[in-house]
Amino acid sequence: SMAGNGKAAAAGVVVPEIKYTKLFINGEFVDAVSGKTFETRDPRTGDVLAHVAEAGKADVDLAVKAARDAFEHGKWPRMSGYERGRIMNKLADLVDQHTEELAALDGADAGKLLLLGKIIDVPGATQMLRYYAGAADKIHGDVLRVSGKYQGYTLKEPIGVVGVIIPWNFPTMMFFLKVSPALAAGCTVVVKPAEQTPLSALYYAHLAKLAGVPDGVINVVPGFGHTAGAAITSHMDVDSVAFTGSTEIGRLIMESAARSNLKTVSLELGGKSPLIVFDDADVDMAVNLSRLAIFFNKGEVCVAGSRVYVQEGIYDEFVKKAVEAAQSWKVGDPFDVTTNMGPQVDKEQFEKVLKYIEHGKSEGATLLTGGKPAAEKGYYIEPTIFVDVTDDMKIAQEEIFGPVMSLMKFKTVDEVIEKANCTKYGLAAGIVTKSLDIANRVSRSVRAGTVWVNCYFAFDPDAPFGGYKMSGFGRDQGLAAMDKYLQVKSVITALPDSPW
Ligand code: NAD
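Just so you know, these numbers come straight off a predicted model, no measurement behind them. In every chain, residue numbers begin from 1 and rise along the written sequence. Only residues with pLDDT of at least 70 are given local features in this predicted model, and only at 80 or more are side-chain atom pairs given and counted; all residues enter the totals for whole chains, interfaces and linings. Only heavy atoms go into the side-chain values, all of them from the structure, while hydrogens and water stay out.

1. Some thoughts on the environment of T40
For clarity, the cut-off: The numbering of helices and of strands both runs from the N terminus, where a helix is a DSSP run of H or I of at least 4 residues and a strand a run of E of at least 2. Each residue gets one of three labels from its accessible area relative to the maximum for its type: buried under 20%, exposed over 50%, partly exposed in between, using a 1.4 Å probe on protein chains only. Contacts were defined at the residue level, with two residues in contact if any of their heavy atoms lie within 4.5 Å.
Its location among the elements puts T40 in strand 5 (residues 37–42). T40 gets classed as buried once you look at its relative accessible area, which sits at 1%. Sequence-wise, T40 and D282 are 242 residues apart; in three dimensions their C-alpha atoms are separated by 44 Å. With sequence-adjacent residues up to four places away left out, T40 is seen in contact with D47, V48, L49, A50, V52, D109, E195, Q196, T197, P198 and L199.

2. Some thoughts on the site of the ligand
To keep things clear, this is the line we draw: One heavy atom within 4 Å of a molecule or strand is enough for the residue carrying it to be called near that molecule or strand. By the criterion applied in these results, polar contacts are pairs of N or O atoms within 3.5 Å in which, for protein atoms, one can donate a hydrogen and the other can accept it, and in which residues neighboring in sequence qualify only through two side-chain atoms. Only the protein chains shown count as cover for residues, with accessible areas throughout obtained via the Shrake-Rupley method and a probe of 1.4 Å. Cavity means a closed set of points on a 1 Å grid over the protein atoms alone, one where a 1.4 Å probe fits but cannot get out, pocket means an open set with protein on both sides within 12 Å along at least 5 of 7 lines, and lining means a residue has an atom within 4 Å of a point. A cavity or pocket is said to hold a molecule if more than half of that molecule's atoms lie within 2 Å of its grid points.
W168, E195, S246, K352 and E399 are the nearest of the 27 residues found near the ligand. In this structure, I166 approaches the ligand through a main-chain N or O atom, which is 2.8 Å from an oxygen atom. Contact between the ligand and K192: an oxygen atom at 2.9 Å from a side-chain N or O atom of the residue. Burial of the ligand by the protein chains amounts to 90% of its free accessible area of 800 Å². In a pocket analysis with a 2 Å cut-off to the grid points, the ligand is assigned to the largest pocket.

3. Here's the deal with the packing of helix 3 (residues 99–110) against helix 6 (residues 199–211)
Definition in use: Note on geometry: axes are C-alpha line fits, over the in-contact stretch for helices, and angles between N-to-C directions span 0 to 180 degrees. Small angles under 35 degrees read as roughly parallel and large ones over 145 as roughly antiparallel, with 65 to 115 read as roughly perpendicular and the rest as oblique. All amino acids are sorted into three groups, where Ala, Val, Leu, Ile, Met, Phe, Trp, Tyr, Cys and Pro are nonpolar, Asp, Glu, Lys and Arg are charged, and the leftover types, Gly among them, are polar.
Put simply, helix 3 and helix 6 touch, their axes get as near as 8 Å, and they point 155° apart. When the axis of helix 3 is compared with that of helix 6, the two are roughly antiparallel. On helix 6, the residues that touch E101, L102, L105, D106 and D109 of helix 3 are L199, S200, Y203, Y204 and L207. A per-class count over the contact of helix 3 with helix 6 returns 6 nonpolar, 1 polar and 3 charged.

4. With respect to the sheet that holds strand 7 (residues 143–144)
This is how the line gets drawn: Between any two strands, at least two bridges found by DSSP are needed for them to pair.
The strand order across the open sheet built from 3 strands is 7-8-24, with neighbouring strands paired in antiparallel fashion. A strand with exactly one partner marks an edge of an open sheet, and here the two such strands are strand 7 and strand 24 (486–494). By the bridge criterion, 2 bridges tie strand 7 to strand 8 (residues 150–158) in an arrangement that is antiparallel. The residue bridging L144 from the neighbouring strand is G152, located in strand 8.

5. A few points about empty space enclosed by the protein
Note the following rule: Grid points are joined across faces, edges and corners, and a volume is the space filled by probe spheres set on the points.
Taken as a whole, this structure holds 5 cavities of 30 Å³ or more when the rule is applied. Empty space within the largest cavity amounts to approximately 90 Å³. Looking at the largest cavity, the residues that line it are G111, K112, L113, L116, G117, D121, F296, N297, K298, N340, M341 and G342. The residue inventory of the lining of the largest cavity, partitioned by class, reads 4 nonpolar, 5 polar and 3 charged. Looking at the second largest cavity, its volume works out to about 70 Å³. Among the residues forming the lining of the second largest cavity, the class breakdown is 7 nonpolar, 5 polar and 2 charged.

6. Some words on the confidence of the model for the chain
Regions with low pLDDT carry predicted coordinates that are not meant to be interpreted in detail. The condition that has to hold: Each residue carries a pLDDT value, the predictor's own confidence for that position, ranging from 0 to 100.
Mean pLDDT over the chain works out to 96, with 98% of the residues at or above the 70 mark. Predicted confidence is poor over residues 1–6, with pLDDT under 50, and the contacts of this stretch with residues over four places away or in other chains come to 14 contacts. Predicted complex, confidence summary: ipTM 0.94, pTM 0.96.

7. Describing the layout of surface pockets
Looking at the largest pocket, its volume works out to about 1,200 Å³. Taken together, 40 residues line the largest pocket, and the ones lying closest to its centre are F243, G245, S246, E248 and I249. Residue assignment for the lining of the largest pocket shows that the elements contributing at least two residues are helix 7 (225–233), strand 12 (240–244), helix 8 (247–259) and helix 11 (347–362). In terms of residue count, helix 8 provides more of the lining of the largest pocket than any other element does, 7 residues in total. Tallied by class, residues from the lining of the largest pocket come to 16 nonpolar, 13 polar and 11 charged.

8. Re helix 9 (residues 283–295)
In an α-helix there are 3.6 residues to a turn, and that puts residues three or four apart on one side. Condition: An expected span of 1.5 Å times one less than the residue number is assigned to each helix.
Here helix 9 spans 18 Å end to end across 13 residues, near enough to the 18 Å set by a 1.5 Å rise per residue. For helix 9, the complete set of buried residues consists of V283, A286, V287, L289, S290, R291, A293, I294 and F295. Buried residues along helix 9 sit against strand 14 (274–277), strand 15 (307–311), helix 10 (312–327), strand 17 (384–387), strand 18 (404–410) and strand 20 (428–432). You can read the cap of helix 9 off the contacts: a side-chain oxygen lies 3.0 Å from the backbone nitrogen of D284, and it is on D282. N297 lies just past helix 9 and shows a positive phi near 55°.

9. A short note on unusual backbone geometry
Phi is positive for L262, which is not a glycine, with a value near 55°. Note on placement: L262 falls in the loop between helix 8 and strand 13 (264–268). The class for L262 is exposed, based on a relative accessible area of 66%. Within the chain, K469 stands out as a residue other than glycine whose phi angle is a positive 45°. By the element assignment, K469 lies in strand 22 (residues 468–469).

10. Focus: a nonpolar patch on the surface
The following threshold applies: Patch definition: residues with relative accessible area over 30% and no salt bridge; like charges joined within 9 Å; nonpolar side chains (Val, Leu, Ile, Met, Phe, Trp, Tyr) joined within 5 Å. We count a salt bridge whenever a side-chain nitrogen from Lys or Arg sits within 4 Å of a carboxyl oxygen from Asp or Glu.
A contiguous nonpolar patch, built from L115, I119, I120 and V337 and spanning about 360 Å² of accessible area, is present on the exposed surface. Along the polypeptide, I119 turns up in helix 4 (residues 114–135).

11. Quick look at the packing of aromatic side chains
The cut-off we apply is this: Each Phe, Tyr or Trp ring, with Trp reduced to its six-membered ring, pairs with another whose centre is within 6.5 Å; inter-plane angles below 30 degrees give stacked pairs, above 60 give edge-to-face pairs, and intermediate values give tilted ones. The criterion is that NZ of a Lys, or CZ of an Arg, lies within 6 Å of the ring centre and within 35 degrees of the ring normal, and then a charge sits over that ring.
If you walk through the whole model with that rule in mind, you get 19 aromatic pairs. Ring geometry for F176 against Y204: centres 4.7 Å apart, planes inclined by 75°, an arrangement best described as edge-to-face. Remark: Y204 occurs in helix 6 and F176 occurs in helix 5 (residues 171–185); sequence separation between them is 28 residues. Taken individually, F176 and Y204 each receive the classification buried, so the pair is uniform in this respect. The structure contains a cluster of three or more aromatic residues connected by ring pairs, namely F170, F296, W452, Y456, F457, F459 and F465. The residue whose ring lies beneath K112 is F170, and the NZ or CZ to ring-centre distance is 3.7 Å.

What follows is the structure, given as structure tokens:
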């Protein structure tokens, strides 16, 4: 897989070469002011993968200053959208050329499948980048109907310095999900990748410089949430924060924005998404979809289909086949092309998932398969299925962020709509049915930002993505995402001599 580039660690585990481990501020890789570093670990073994410079408040101050200077005095916001788009397209080409290496970096840092990194994460990220490169020269306002002797129009202007705080489950996608529209808008950014997965973001900073993104436009400050992250959200000179992560931290980010300079925030938070399978479904297709929906990326997906509701007519058959499907989902080294699922990202998540499994058992749910660590070393967990789950149980309400499916039976459409909406979250939902009427009715009744009918995880840069309820607000993807990075200015001009 990484022949010629990586080195093989103990027991055949291939580790990619790691080139960038310092902070990236104002176009240069630099040590932290404090000189501190932190460890990022390989979840396949628990071994240290790299020591990475650890940003603190002083470093965030420097990064924000660089971003502010680049915004106020640099050419990026003043360049034509077309020119920004050309540089973004060049960056996309460079990222594509390094696909193998970047997929391997995320693979080793996050335990993600190398193969899927190469065919989903990296190409998906460059598709996103190119989508917004194409949007950069199509940012325009409206002509207003203003009463009286005036004319009016709106200007869309870049919002300024954007703080980007992202999680570890899709390090590459998350980076470009936020950075691409921000760049297209003419903003400058300070990105804090998750402490578990800082490596690919630093690589992207390097490639951005090669592509011609001016110094100070993209800054990357790896570090921890309560230090580097909090320094961004409380900073008086950051204009907006774009965040993806937990609902708990989303709340802190809003508080911090409110207490400092009232910067705008957009929050893409957790989920407990239902996948609803109706009696008329093709059971084999539905079982495969449900397996993908919860076990893809080891369940470390904000839109994971963690609650599976199956109508009573096919319930018994579904359960039997779902257990077989889970048992044939291969857990192992994410660099092995036959593996379906790698290890959880770190020890903390590993322990958290196992704790939820214990809760499921003690609350009276029946564990049908899985439920244990899947290896002696590393943070591997077996694909797990619970039945006899009731809607009030922790495993039906809280985001586990691991390979744990809660299977539930329902009778009527009315009943399942109510159940689908009975958590605090509203990120996504899936529906499997051949009935157009049921699909349409449920699509409109579920309070979620994305609904998939007879599919799951069908993402596209053009489809706005975000939450209802406590899954957050603001939209990533689509032209809707540009709004987060733009201000609207109304310009009204007097027309004293207008004939009408
Ligand atoms: P988190 O919300 O703690 O971390 C996300 C990002 O926020 C990281 O970069 C982190 O360093 C940063 N952060 C943490 N505290 C901060 C603070 N006080 N101020 C500013 N930034 C801060 O998520 P996590 O700890 O990585 O995972 C915990 C849970 O979050 C998971 O179990 C899962 O439920 C959820 N999660 C959701 C998503 C998603 O895509 N919606 C992604 C990852 C995790």
